[in-house]
Every structure is written in C-alpha cells, then in structure tokens.
Amino acid sequence: MAKIKQRYLSVHADKIIEEGFHPERNEVSESIFSLSNEYMGVRGFFEEGVSLPSLVGTYFNGIYEYAKEETPNAYKGIVKRTHFTINSTNAFKIELRLDGTRLDLAKIPFSKFRRELDLRTGESIREFVWDGKARFRFTRLLSMDRPHEAVQKIEIESLTDQKLDLTFFLDGTVVHWGKDSYYDPLSSLFDDDEQELALKTLTTGQSLTTRSHIVSSKEMKHETTCLEKEIKTHYETHLSKGENVEFVRFVVHVADKRAVRVAPEAREELRALAKRGYEGELDDNKAFFEDFYSRSDIVIEGDDEDQQGIRYCLFQLVSAYHGYEEDNNIGAKGLTGEAYSGHAFWDSETYCLPYYLFSNQKAAKDLLLFRYHTLEEAKERAKELDCEGACYPIATRNGKEACNLWQHASTQFQPTTAVAYAIAHYMNLYRDETFMRDYGLEMLIEIAKFLLTRGQYNQDGTKFGFYGVMGPDEFEVMVNHNTYTNFMAKKSLDYLLSMLEDPAYQHAPILEKYPDLEDIKQRAAKASSCMKILYDPDTKLFEQHEGFFDLPHIDVDAIPVTDFPLYSHWSYDRIYRNDMIKQPDVLMFMFLYPHDFSKEQLQANYEYYEPRCIHESSLSPSIHSILACELDKDEEAMDFFGFATRLDLDDYNRNTREGLHMTSIAAAWMNIVYGFLGLRSDAPTLSISPKIPTRWKAYSVNLVLPDARLRFRVSKSQVEIAHSGKPVELDIWGKRTRVDRDMVVTK
C-alpha cells in the first residue's frame, strides 16, 4: 500500500489536540476540527481570519443551489445543470485589533498555541498568546439537541495597557468554491441588542434567517451597521494590564427548505438560548453525548491511537446524521467542506446504513425514506436514460442527478441496487411489514423495472447482463458485464420476487398500481436465471468484467506517494489503461453478501485483487481490513484498519483539507463490528466470530437490536456479553446461542 500517514496531532482517547500551530496544514485542521449537528456544519476556521490558504465554510443540510449556467451542448441523459450544498452565513466571523494591529496568526508573533476538540461534549477550544499583547481563548459549540443553535465565546486577558477594537459579523457575502455567492438579500436589521440577517437562494426558493445576541462581561461602547448581506457590531474599549474580558455570542439559524421568508421564530429561540447561557448549552451537549456513547461507544483497551481514531469517527457520525429530518441524507463530506458538493452517494446505503441499523432505527429508516421521497426524481432519471422504472442518482442532494460526468451518472448503477440492498438489510433486522407495504415494495418494483430495461440479453438470448457500465471501481469505464453490477442486479430481482411471494404483502394496496405485475415477475425471474456472472470454478476467481484479466498490469506499490491523489497528477485516460483498481469491486459484493461465498472463494479473490488496489477511495481500506480479518491475515487487517480509522486524522490520501471522508468514518465502525467482532447480518440469524488484535488488551462494542441491547467485551480468551431487553438468538463462533442474560462465552 503506497499511502503513508502524515501525523501531526497528539494522541488522546477523548480529544483531538493540535499542540503548536501548523500553518502548512491549516486547511486540514479546518476539516478535522469541524463541528456539525446534522442541521448545520461549521469548518474549524479561525473566526478572526488568517492570511493563509483557508476555506471558511458554514453549510446547512438541504440548503442548495443550481449552477448558474447549464453544461454546454449536453447530450440527452447528461445532466445539464448540477446542484450543490452552498456556503452560507458565517455567524462566527470577527475582526480584532489591539492598538490598531489586526490579529492574524500569519503576521503577528505568538506562542503557546493549542487547539482541541472534545469528543465528549462537542466543544472546540483554541488558545494562544499574542506575545506581549494578550492571552486568547476562543470556544465554539453547536447544540446537538436544538440544532438551530450555536454559541461562540471569546476570552481575552490583556498583558499590557492597550485599546481593543472587536467587530462581530453576520456575514452573508461568503462565496462558494471560492468565487460565487448563491444568496440574495432578504432583510437585515438590529433591535433590542439583537442582529438579524435573512437571505434567500437564487433559484431554489429557500431561505436562511440568522439572529444573534452578543453579551460582554464589561460595559463598553458598541455600534451596529446593517448592509444588504452583512451586519457588523463594533465594540471598543481600553484594557488595562491584567484585565480579563469575555464576549459570548448566541446564534440561531432557521433554514427553510421550502419557502422564502424571514423566520419570526428565530427571535424566541434566540432569547431562550441566551437565557440558558453557554454553560446550559454545554451541559445539554454533555448529556447528549453521554447518552450517545452509552448506546454506541466502542472502547479499545491498550491502544490510545486506535481509541482516538474510532471515537473520532463515532463523534463525526452522530454529528453528521442522527435522524433529525426525513429528507436529510449524508453527504460524502458531511457538512465539513465543498468537495463532492454536499452530495449523497451509494455510500449512504452500503457503508453508513449499517451503523444506524445497529444504533438508531429511526435514523436508519429515515435514510431509506429519503430514497422513497425522491422516487419520482429517480423515475424521471430512468426516462432520461431511455429506461423505465427508477434509476437512483450517483450524486444528489434533492433526488435529481447532480453529476454531470456522463461516465459516472449514465453508467454507474450502484445507487439503484444499493437501495434494494438497504431495504433487504433493514427488513432482515427489523421485520418492518408496514414499511415494506407502504414504501419498500414500490421502490423494489421500480428498481426492477429499471434493471430489466437497462440490462440486455446477448445475441443468442441465453445470457442477461449490463453493457457499457462502470462498477464500483471507477478506474474502469464503459465495460461489459461488470460482475458487481450483474450480481447486485440479480440480488435485487430475487429479493423483489421473494417479497411478492410473501403472504404478508400479496394484497398490499400499492400493488394495484401495477396491472402488469405478473409480467414484471416473469421477466425478473428469467433475467435472474440468465444473469451472466463471470466465474471460473477452477481458480475460484470472479472476473471483475469482461476482459479484465487481459489488461496490462501495473505495480501499484511502485507509484510514488507524491503522485497522490492520482486524479490531480495523472492524465485522466492514463488511469483507465491498466488493471489498477481504485476500490473494491468484486470484493465489495463478497462483503455485502458473505454467506453466498466460501472462504476458499474469498481467499482466492482477495489474494488476486488486493495487490491491484490503490485505495484511492475512502470506501476501500475498511472492506479490505474486514476481509483480511476473516482470512486470518491479522497484520494486513490492522494496517488497513489504521488507514480506514485515521484516514482524515493522519491525512493518508492527502486531501483531508477538502473535508472529512464520511464513508471512511462510517466504515471504521464496520471495520471493528464486521471485522474484529465478525458480525454478519445478511442471514436471518445474526452471527459473530470475535477475534482481537494482538496489540489490544480488550475491546467493547455496543449493538442496539429491535428489542434488546447487547454489549460485547472481547478479550484474548473470551467474549463477555451484557444483555438487556428480550432474548436474542445469535450464532457465536458457529454455535447457536440464546442470549437472554449476561453471559461469558469461550471459543
């Protein structure tokens, strides 16, 4: 594996700490120290600004815009106008001067810089000394329980007699992608010592109202100025040597995804927030995270580096998404940057959903409901591709296809089969018949209709499959019979047929919409039975696609680390001209359906495909770690685990500055639960086969099941199970076990 870590943060089990400022990594730190609460996200930028490369970003889940211009000369089926989550009002911005000199850490002498993110509270703290001038402590917090709310605190200890000028901004002039603003002014005002800025999007009919109130520990002169898209409140005072002063800014954001309006409720929410105060918000966050970790924490005994890595991933998972609203999804960068434009991909169903399935049923169901509520958009997309049924987009915020790269948007169908997989995964665990009748069946039928019209039979009509596609490995384009695509299509068709044969659903009202249902069933059964799966029983290898085994070979370990990311350093077509794999493709479907394959098949394919994988995607290392663990390749499993769990903290892919990799963050949870604990959830009975890395003393995992909670503590010789709720049937190391009390199981 050519990737290497770039460590600069201190190791601590419950905190992310930067000791001493690393200006060359400023944008990386902005991503790592991001805060979000599903509703909004704020990058860890310096509120006072800094004369260094920086991305000042505040984002709201569901507030998006369309590109100002259409893609020129777009052919049918190619997206003409993309959409994206937009950079929004910066409510943490300040400008600070002491005796007329502006605070800018790129230009002033300073020392004792320290920044930390507390994973138990969500509190971000930054401290330093402006040499000879003042000590500073900047703190910020987003409320997890009341996601409209944010608080900022600034503490200053003066080291000499001097004048302080401090300006607070509500800044609606921020630009997206460093060049364009996507907001028009709606109103700006101040009253009762409160400031309010309201903006509206240019084309999507949405609005954002931001209201703030500033409290200072010292009476001082202040003045507020309102501009169209900016409000400034300026304070000035004289500070004596040794004097301490504190400012607290309370902020409420009300985003309306469906209307252009100034939100009157912001006023009362702000006053309630100010009454609770900073400490009240902090206490509420402590309670939120205490409850969260009681249900979802993973404890690693004996390795603080791995503990920090997985706890950071858990923190960012619940911050990015916890089922606040049905029409939210998980962007590839969460709400931490502008790369991938805030879009959700097929990762939501294949990588992120498993965590929520075993921690928060409502959040898991809401992820599926996002796909149901955007079913009409998926049907429109299928029509654009000259097909029937529903084709879910490769990238989206609002259900419409947002990717204007034809080779992805028009040839990748992982999102469509991933929705069918996610429905099956959810139903296998929760047996939610109401969900299936009201939502699931309709999605499955529309998915089948798309697969049956996009797939084709060969010339003699004996084999069915998909031509001109791109599988999960995005380094191979316009291939025929990508085995992942064919296999997952077969699984999708088979699952629909099994549901239609289930007596619980044979009279579901939704079926009345489909007078041709019998024809759909017959076509699905035939296509499934004829599906072309490229498999050699002698070698036990699945060929990734037709012709893959004949591609020129490249030694991925010989690629210099300075060539990464490859998209930035290799010509686009060069990437396609060899057998190098971006991310697991064959190994991916073997992970999703482990009970369908023998250990011998898994070993043969792992040993063939892993050396060809460059792990240029955050989807990659965790899957390899999980499969290496199953194959008893313990050293490889741990190497990949460190890569997956600390992908952002150690900037393995050299692109953390663009935002966090939410897929890798979710996959880190899978890495422990599906890897080391050995959970398998694709069969009617859950199974585990625990093992422990040699460098750990023990580890603990929590799983929330439909009617029970289980906590597993795995040590060198045994697994201790703490049980609450109803009895659970588990296969533990291949032995059926009824778990109805606390117990200890020895292999």
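None of these values were measured; they are calculated from a predicted model.

A.B. asks: Sorry, what's going on with the overall build of the protein chain here?
C.D. replies: On a plain count of helices and strands, the protein chain comes out with 17 helices and 31 strands. For 747 residues, the compact-globule formula gives about 27 Å, and the C-alpha radius of gyration of the protein chain, at 27 Å, lands near that figure. Seen through its principal axes, the protein chain has C-alpha atoms that stretch 85 × 60 × 55 Å. Expressed as a percentage of the 747 residues in the protein chain, the buried residues total 63%. Counted over contacts in the protein chain with a minimum sequence separation of 6, partners at least 24 positions apart contribute 68%. Of the roughly 27100 Å² of accessible surface on the protein chain, 48% is carried by carbon and sulfur atoms.

A.B. asks: Teacher, can you tell me more about helix α3 (residues 304-320) here?
C.D. replies: An α-helical turn contains 3.6 residues, so a residue and the one three or four places further along point in the same direction. Counted at 1.5 Å a residue, the expected span for α3 with its 17 residues is 24 Å, and the 24 Å between its end C-alpha atoms agrees. Burial analysis of α3 places 15 of its 17 residues in the buried class, the great majority of the element.

A.B. asks: So what exactly am I meant to see when it comes to unusual backbone geometry here?
C.D. replies: If a residue is not glycine, its phi is most likely negative; likewise, a peptide bond is most likely trans. Residues F564 and P565 are joined by a peptide bond in cis, for which omega reads -5°. Along the chain, P565 falls in the loop between β24 (541-542) and α12 (566-569). Non-glycine residue E38 carries a positive phi angle of around 75°. Looking at the secondary structure, you find E38 in the loop between β2 (35-36) and β3 (40-42). Despite not being glycine, W733 shows a phi value in the positive range, around 50°. Summarising the element assignment, W733 is placed in the loop between β29 (728-732) and β30 (735-739). For W733, a relative accessible area of 22% gives the class partly exposed.

A.B. asks: What should I look at first to understand the pattern of salt bridges in this one?
C.D. replies: Opposite charge on two side chains lets them pair, provided their charged atoms get close. Overall, the coordinates contain 78 salt bridges when judged by the stated rule. Across the pair R7 and E305 runs a salt bridge whose closest N-O atoms are separated by 3.1 Å. Placement of the pair is R7 in the segment before β1 (15-19) and E305 in helix α3, with a sequence separation of 298 residues. With relative accessibility at 26%, the residue E305 sits in the partly exposed group. Between E720 and R713 there is a salt bridge, with its nearest N and O atoms 3.0 Å apart. A relative accessible area of 23% means that R713 is categorised as partly exposed. Salt bridges sharing partners connect three or more residues here, namely D191, D192, E194, E196, R211, R267 and R271.

A.B. asks: Help me out: how do you make sense of the sheet that holds strand β31 (residues 743-746) in this one?
C.D. replies: Hydrogen bonding along the main chain pairs the strands of a sheet, whether they run parallel or antiparallel. Strand order in the open sheet formed by five strands is β20-β26-β27-β28-β31, with antiparallel pairing between adjacent strands. Only two strands of the sheet have a single neighbouring strand rather than two, namely β20 (298-301) and β31. Each strand of the sheet is rotated relative to its neighbour by a mean of 20°, with strand direction disregarded. Here strand β27 (residues 708-714) runs beside strand β28 (residues 718-725); their pairing, made up of seven bridges, is antiparallel.

A.B. asks: Where do I start with the packing of helix α4 (residues 347-357) against helix α5 (residues 361-373) in this structure?
C.D. replies: Relative placement of two packed helices is described by the angle separating their axes and the distance separating the axes. Following both chains from N to C, one finds α4 and α5 inclined at 155°, their axes separated by 7 Å at the closest point. The orientation of α4 with respect to α5, classified from their angle, is roughly antiparallel. Between α4, through S348, E349, L353, Y356 and L357, and α5, the contact on the second element is made entirely by Q361, A363, A364, L367, L368 and R371. For the contact of α4 with α5, the per-class residue count stands at seven nonpolar, two polar and two charged.

A.B. asks: Looking at this structure, I do not really get the pairing of strand β18 (residues 230-239). What am I missing?
C.D. replies: Residues in a regular strand project their side chains so that they alternate between the two faces of the sheet. Alignment of strand β13 (residues 162-171) against β18, held across 10 bridges, turns out to be antiparallel. Along β18, the bridge assignment pairs K163 with H238. Sheet analysis places strand β17 (residues 221-226) next to β18, joined by six bridges and oriented antiparallel. Each bridged residue has a counterpart across the sheet, and for K221 the counterpart in β18 is E236. Here β17 folds back onto β18, and the loop between the two strands holds three residues.

A.B. asks: Can you walk me through the sheet that holds strand β25 (residues 686-688) in this structure?
C.D. replies: An order of β25-β29-β30 is seen for the three strands of this open sheet, with the pairing classed as mixed. Each edge of the open sheet carries a strand with a single partner, namely β25 and β30. On average, each strand axis in the sheet is tilted by 35° relative to the strand beside it, whichever way the strands run.

A.B. asks: What exactly am I supposed to notice about the packing of helix α15 (residues 620-630) against helix α16 (residues 634-645) here?
C.D. replies: Two numbers describe how α15 lies on α16: the axes approach to 8 Å, and their chain directions differ by 155°. Considering their axes alone, α15 and α16 lie roughly antiparallel with respect to each other. As for how α15 packs across α16, the hand of that crossing is left-handed. Along the contact surface, α15 presents P621, S622, H624, S625, A628 and C629, while α16 presents E636, A637, F640, F641, F643 and A644. Classifying every residue of the contact of α15 with α16 by side-chain character gives eight nonpolar, three polar and one charged.

A.B. asks: What is the right way to read the nonpolar core from this model?
C.D. replies: Residues Y356, F358, W669, I672 and Y699 are the most contacted members of the largest nonpolar core, which totals 188 residues. For Y699, the residues in contact, after removing those within four places along its chain, are V299, I300, I672, F676, L677, P690, K691, I692, F712, R713 and V714. Grouped together as the second largest cluster of nonpolar side chains are 26 residues, L103, I108, W130 and F247 included.

A.B. asks: Help me out: how do you make sense of the side chain of T201 in this one?
C.D. replies: Position of T201 relative to the elements: it lies in strand β15 (residues 194-201). On the accessibility criterion, T201 (6% relative accessible area) is buried. At 2.8 Å, the side chain of T201 and the side chain of T204 are in polar contact. Within the structure, T201 has its side chain in polar contact with the backbone nitrogen of G205 (distance 3.3 Å). Those residues in contact with T201 that lie beyond four places of it in its chain are I63, Y64, E65, I86, Y182, Y183 and Q206.

A.B. asks: What is the right way to read the environment of I86 from this model?
C.D. replies: Looking at the secondary structure, you find I86 in the loop between β6 (83-85) and β7 (94-98). Between the C-alpha atoms of I86 and G342, which are 256 residues apart in sequence, the distance is 8.1 Å. Setting aside chain neighbours within four positions, we find I86 in contact with T58, Y59, I63, Y64, E65, H176, Y182, Y183 and T201.

A.B. asks: Would you mind going over the packing of aromatic side chains with me for this structure?
C.D. replies: Aromatic ring pairs are reported here in terms of the distance separating the ring centres and the angle at which the planes meet. What the rule picks out here adds up to 60 aromatic pairs. Ring geometry for F464 versus F466: centroids 5.9 Å apart, planes at 85°, classification edge-to-face. Across the pair, exposure class does not vary: F464 and F466 are buried alike. Look at F591 and Y674: their rings are 5.8 Å apart centre to centre, the planes differ by 70°, and that puts the pair in the edge-to-face class. With F591 in helix α13 (residues 586-592) and Y674 in helix α17 (residues 662-676), this pair connects stretches of sequence that are 83 residues apart. Using a relative accessible area of 8% as the deciding quantity, one classes F591 as buried. The rings of W346, Y351, Y421, Y484, F487, Y535, F542, F589, Y593 and F597 are connected pair by pair, giving a single aromatic cluster.

Cut-offs used in this document
Residues numbered from 1 in each chain as written. Predicted model: local features only at pLDDT ≥ 70, side-chain atom pairs only at ≥ 80, totals over all residues. Heavy atoms only, no water. Helix = DSSP H or I, 4+ residues; strand = E, 2+ residues; numbered from the N terminus. Rg over C-alpha atoms; globule rule 2.2 N^0.38 Å. Buried < 20%, exposed > 50% of the residue type's maximum accessible area, 1.4 Å probe, protein only. Contact = heavy atoms within 4.5 Å. Areas by Shrake-Rupley, 256 points an atom, 1.4 Å probe, with all protein chains shown as cover. Expected span 1.5 Å × (residues − 1). Salt bridge = Lys/Arg side-chain N within 4 Å of Asp/Glu carboxyl O. Pairing = 2+ DSSP bridges. Axes fitted to C-alpha atoms, helices over the stretch in contact; angles between N-to-C directions. Parallel < 35°, antiparallel > 145°, perpendicular 65-115°, else oblique. Nonpolar A, V, L, I, M, F, W, Y, C, P; charged D, E, K, R; others polar. Left-handed = near helix turned anticlockwise from the far one by under 90°. Core = buried A, V, L, I, M, F, W, Y, C linked by side-chain atoms within 4.5 Å. Polar contact = N/O pair within 3.5 Å; in protein donor to acceptor, adjacent residues only side chain to side chain. Phe/Tyr/Trp six-rings, centres within 6.5 Å; stacked < 30°, edge-to-face > 60°.

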